[in-house]
Amino acid sequence: MAGPRRHQRRQRRTLISARDDRRAALFTSPMTATAGARVQPGADFHKRTYQKPDGRKLYLYGRQPHELPVTEELEPGPVSTPHLRWHPLRGEWVAYASHRQERTFKPPAEFCPLCPVQPGGFPGEIPFADFEVAVFENRFPAFHPGAPEPPELPIPTRPAKGQCEVVVYSSAHRGSVGELSRERRELLVRVWADRYRDLLAHDMVAFVMPFENRGEEIGVTLHHPHGQIYAFPFVPPAVAPMVAAFREGPVLSTLRERIGDAYDIAGNEHAVAFVPPCARFPSEVWLMPRAFHPGPWTFSDAETLGFADVLGEVVARYDALYGRPMPYLCILYAAPKGEEDRFHFHIQFFPFLRTGDRLKYLAGCEQGAGTFLVDGLPEQMAARLREVRP
């Protein structure tokens, strides 16, 4: 297998002073649809862009224009130097980002870097006294648009160019997607759509993946409700088989036709959530729009709201299943660049509880062979999730 080519140029990362940052242009404007998008222009959806002292961008989204003044800013973060190394046995890239070793780890609530910053208060990532939804470039990214040239090694390497962002769902320190208001969940889906459009516009980006790691059992180190977005310079190995499957045909729609509503747990005229009959995790759920869409950026207003409603119901059902917040991975799978005509957007939830007090561990068979062992039948779990009262 031929090794990927190395990039020959090193991009320089520019730091912007706090003084210049305060003087940088801030704007508030209604979101409008881009070419080919079906999201209606003029929707009550606003976006403000703010540039942090170290050059990172912060986006403030809301139903109302965000016009609050800047409060207190964090000191500039470490210089990001991620790179990629080729794994010859697995045929895939491994990302290395040593600066992430020092990232924030389980701070007390009063020092949460995702909470809004009050005047004179402890500085955080969002230097405003309040906000609806905030997105900012990660302080400790695994991929960076200015990633330097990698070290010389006996294996192929390349710069880890891309983007990593943090999506903060609310200014409240506690909560979940299931507890957000209907309007806030709809706003969150619109935010995802906007970030997809922005990130996929970059030549270096091949695939964009919003996701949420929920619960300390997953390894979460910040309790404030939030997710992340990774923009990859390649199609990741877990996504490549999906691409191949959708190239063969409308595999997700075909699956829905075959199983009917027997596995459904929630739905409306625009979206449906169901336990896949091939589930690898206990109480795994997939959420998809009923009509074909490559990503949420092509949703109509009605589809955006319908999808947001089912999203909230899925999380609420999870939390009611065992009477406790469900630790899970929530992964958004939209079309990689160039696959927009075939790849059906959907979300996959991977819960990590197999009973109320027992975790599903990925052990030897899963990690070593890539073969999942599941203790319960998907049909049984679908019935249980339908029965619980959110």
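Above this note sits the structure.
Predicted, not measured: the structure shown is a model, and the values here were computed from it. (Residues numbered from 1 in each chain as written. Predicted model: local features only at pLDDT ≥ 70, side-chain atom pairs only at ≥ 80, totals over all residues. Heavy atoms only, no water.)

Asker: Is there a simple way to explain unusual backbone geometry in this structure?
Answerer: Most of the time, phi is negative for any residue but glycine, and the peptide bond is trans. Although it is not a glycine, Ser-283 sits at a positive phi angle of roughly 60°. When you line up the elements, Ser-283 lands in the loop between β12 (271-274) and β13 (285-289). (Helix = DSSP H or I, 4+ residues; strand = E, 2+ residues; numbered from the N terminus.)

Asker: Please clarify how the sheet that holds strand β5 (residues 92-96) should be interpreted in this entry.
Answerer: Pairing between the strands of a sheet is mediated by backbone hydrogen bonds and can be parallel or antiparallel. Strand order in the open sheet formed by 3 strands is β5-β4-β7, and the pairing between neighbours is antiparallel. Pairing within the sheet leaves two strands with one partner each, and these edge strands are β5 and β7 (157-159). Neighbour-to-neighbour, the strand axes of this sheet turn through a mean angle of 30°, independent of strand direction. Relative to β5, strand β4 (residues 83-87) is paired through 5 bridges, and the arrangement is antiparallel. For Arg-85, the partnering residue across the bridge sits in β5 and is Val-94. (Pairing = 2+ DSSP bridges. Axes fitted to C-alpha atoms, helices over the stretch in contact; angles between N-to-C directions.)

Asker: Looking at this structure, how should I read the pairing of strand β6 (residues 133-137)?
Answerer: When you tally the buried positions in β6, you get 5 out of 5 residues, the bulk of the element. Side chains of β6 alternate between two faces, with Val-133, Val-135 and Glu-137 and Ala-134 and Phe-136 buried alike. As paired strands, strand β3 (residues 57-62) and β6 are joined by 4 bridges and run antiparallel to one another. Bridge assignment links Leu-60 to a residue of β6, and that residue is Ala-134. In the sheet, β6 pairs with strand β8 (residues 163-168) via 4 bridges, with the strands oriented antiparallel. By the bridge assignment for β8, Ala-134 is matched with Val-168. (Buried < 20%, exposed > 50% of the residue type's maximum accessible area, 1.4 Å probe, protein only.)

Asker: In this structure, what is going on with the environment of Phe-352? I would like to understand it.
Answerer: Its place among the elements puts Phe-352 in the loop between β15 (346-351) and β16 (353-355). Its relative accessible area of 12% is what places Phe-352 among the buried residues. Sequence separation between Phe-352 and Phe-281 is 71 residues; the distance between their C-alpha atoms is 7.2 Å. In this structure, Phe-352 is in contact with Ile-218, Phe-281, Met-326, Pro-327, Leu-329, Arg-358, Leu-359, Lys-360 and Leu-362, ignoring residues within four places of it in sequence. (Contact = heavy atoms within 4.5 Å.)

Asker: Mind showing me how you'd approach the side chain of Arg-256 here?
Answerer: Along the polypeptide, Arg-256 turns up in helix α4 (residues 251-259). If we ignore the near neighbours within four places in the chain, the residues touching Arg-256 are Asp-264, Val-272, Phe-274, Met-288 and Arg-290.

Asker: Teacher, can you tell me more about the nonpolar core here?
Answerer: Grouped burial of nonpolar side chains is what soluble globular proteins tend to show. Judged by nonpolar contacts, the single largest core of 86 residues is most densely connected at Phe-143, Val-285, Ile-347 and Phe-349. For this core, the element with the highest residue contribution is helix α2 (residues 182-200), accounting for 9 residues. Setting aside anything within four residues of it in sequence, one finds Phe-349 in contact with Glu-284, Val-285, Leu-311, Val-314, Val-315, Tyr-318, Tyr-328, Leu-329 and Cys-330. Counting 14 residues, the second-largest nonpolar core is a separate cluster that includes Leu-58, Cys-112, Phe-131 and Phe-136. (Core = buried A, V, L, I, M, F, W, Y, C linked by side-chain atoms within 4.5 Å.)

Asker: Please explain the pattern of salt bridges as it appears in this structure.
Answerer: Side chains that carry opposite charge are capable of pairing whenever their charged atoms lie near each other. The full count for this structure, using the stated rule, is 24 salt bridges. For Asp-198, the salt bridge identified is with Lys-47, shortest N-O distance 2.9 Å. Residue Asp-198 is located in helix α2, and its partner Lys-47 is located in strand β2 (residues 46-51); the two are separated by 151 residues in the primary sequence. Here Asp-198 falls in the partly exposed class, since its relative accessible area comes to 29%. Between Asp-375 and Arg-354 there is a salt bridge, with its nearest N and O atoms 3.6 Å apart. Here the residue Asp-375 occupies a position in the loop between α6 (364-369) and α7 (378-387), and Arg-354 occupies one in strand β16, the gap between them amounting to 21 residues. The network of salt bridges with common partners includes Lys-47, Glu-165, Asp-194, Arg-195, Arg-197 and Asp-198. (Salt bridge = Lys/Arg side-chain N within 4 Å of Asp/Glu carboxyl O.)

Asker: Any chance you could explain helix α5 (residues 301-321) here in plain terms?
Answerer: One full turn of an α-helix is made of 3.6 residues, so residues set three or four places apart face in the same direction. Compared with the 30 Å implied by 1.5 Å per residue over 21 residues, the 31 Å span of α5 between its first and last C-alpha is a close match. Just beyond α5, the residue with positive phi is Gly-323, at close to 70°. (Expected span 1.5 Å × (residues − 1).)

Asker: Explanation requested: the pairing of β2 in the structure shown.
Answerer: Remember that side chains alternate between the two faces of the sheet whenever the strand is regular. The buried fraction of β2 is high, at 5 of 6 residues. Relative to β3, β2 runs antiparallel, the two being bridged by 6 bridges. Across the sheet, the residue bridging to Arg-48 is Leu-60, located in β3. Here β2 hands over to β3 after 5 residues, with Gly-55 in that stretch at a positive phi of 95°.

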